[in-house]
Amino acid sequence: SEALIMTKAQIIKYVGDEAIIIWPQNTAFRDDNCYRCFHLAKQSISRKSAYYLKRYGRVPDFKAGLHYGPVVFGEVGVLLKEISCLGDVLNTAARITSECREKKEAFLISHDAASRLSVFPTLVSVGDVRLRGKEKAIALYGAPAKL
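Residues numbered from 1 in each chain as written. Predicted model: local features only at pLDDT ≥ 70, side-chain atom pairs only at ≥ 80, totals over all residues. Heavy atoms only, no water.

This part covers the confidence of the model for the protein. In this model, the protein carries an average pLDDT of 93, and 98% of its residues clear a pLDDT of 70 or more. Averaged over each element, pLDDT in the protein is lowest for strand 5 (residues 82–86) (86) and highest for strand 6 (residues 107–110) (98). (pLDDT = per-residue confidence, 0-100. Helix = DSSP H or I, 4+ residues; strand = E, 2+ residues; numbered from the N terminus.)

Dropping the structure here:
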């Protein structure tokens, strides 16, 4: 939660053990918020690793995919209504996250997002990847271990 609050992120939905996180456009790239959030969350878990090991016998870990683009919020449903966030950017971000395992990366970033970050020159290209369900390959970048 600290990382989300510090970087002005919003959780819009939980899907299984995943959280879909967004930033308003005017805050996403300010101070590289959308990039820093990942590292801040990793640092928070690392600081509490002894507690997690003692209490649960393991330290949580996660992977993340970052993409940039428009989304639409709207009310969906007839009997059970909810406000949903929709857009191809969400699907693409999920596919990028899935690619983390294949590329052995904890955090992958699309070129659309990476090129807007001040840390862009430090990111490492992992190549053009054709994501499942997508016609065109997209350039992906891995993040250095630390800011």
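The structure having been displayed, the exposition proceeds.
Let's shift gears to the pattern of salt bridges. Any two side chains of opposite charge can pair, given that their charged atoms come close. Summed over all chains, the structure comprises four salt bridges. We note a salt bridge from Asp61 to Lys42, for which the minimum N-O separation is 2.3 Å. One end of the pair, Asp61, is in the loop between helix 4 (49–56) and strand 3 (64–66); the other, Lys42, is in helix 3 (residues 33–47), with 19 residues separating them in the sequence. Accessibility expressed as a relative area gives 23% for Lys42, which makes it partly exposed. (Salt bridge = Lys/Arg side-chain N within 4 Å of Asp/Glu carboxyl O. Buried < 20%, exposed > 50% of the residue type's maximum accessible area, 1.4 Å probe, protein only.)

What follows is about the nonpolar core. Among the nonpolar cores identified, the biggest contains 23 residues, and Trp23, Tyr35, Leu66, Phe107, Ile109, Leu117 and Leu123 are the most heavily contacted of them. Counting residues in each nonpolar core, the second largest holds six residues, with Ile96, Leu108, Val129 and Leu131 among its members. (Core = buried A, V, L, I, M, F, W, Y, C linked by side-chain atoms within 4.5 Å.)

So, about the pairing of strand 1 (residues 10–15). Here strand 1 pairs with strand 2 (residues 18–22) via five bridges, running antiparallel. Residue pairing in the sheet places Gln10 in a bridge with Ile22 of strand 2. (Pairing = 2+ DSSP bridges.)

For the rest of this paragraph, the subject is the packing of aromatic side chains. Taken as a whole, this structure holds seven aromatic pairs when the rule is applied. When the ring of Tyr35 is compared with that of Phe107, the centres are 6.0 Å apart and the planes differ by 35°; the resulting orientation is tilted. Within this pair, whereas Tyr35 is found in helix 3, its partner Phe107 is found in strand 6, the two being separated by 72 residues in sequence. For the residue pair Tyr35 and Phe107, the accessibility class agrees, reading buried in each case. Taken together, Tyr35, Phe38, Phe62 and Phe107 form an aromatic cluster joined through their ring pairs. The ring of Phe62 has Lys42 sitting right over it, with the charged end atom 4.6 Å from the ring centre. (Phe/Tyr/Trp six-rings, centres within 6.5 Å; stacked < 30°, edge-to-face > 60°. Lys NZ or Arg CZ within 6 Å of the ring centre and 35° of its normal.)

Before going further, it helps to examine a nonpolar patch on the surface. Side chains of Ile11, Tyr14 and Ile21 sit close together on the surface and give an oily, nonpolar patch of about 290 Å² of accessible area. Owing to a relative accessible area of 30%, Ile21 belongs among the partly exposed residues under this scheme. (Patch = residues over 30% accessible without salt bridge, like charges linked within 9 Å, V, L, I, M, F, W, Y side chains within 5 Å. Areas by Shrake-Rupley, 256 points an atom, 1.4 Å probe, with all protein chains shown as cover.)

Let's shift gears to the environment of Gly16. Within the element layout of this structure, Gly16 appears in the loop between strand 1 and strand 2. Taking the C-alpha atoms as reference points, Gly16 and Phe107, 91 residues apart in sequence, are found 19 Å from one another.

Phi angles above zero are rare outside glycine, and Lys8 is one such case at about 60°. Relative to the assigned elements, Lys8 resides in the loop between helix 1 (2–6) and strand 1. You can call Lys8 partly exposed: its relative accessible area is 47%. Of note in the backbone geometry, Lys104 takes a positive phi value of approximately 55° without being a glycine. Within the fold, Lys104 resides in the loop between helix 5 (88–103) and strand 6. The exposed category is assigned to Lys104, whose relative accessible area is 74%.

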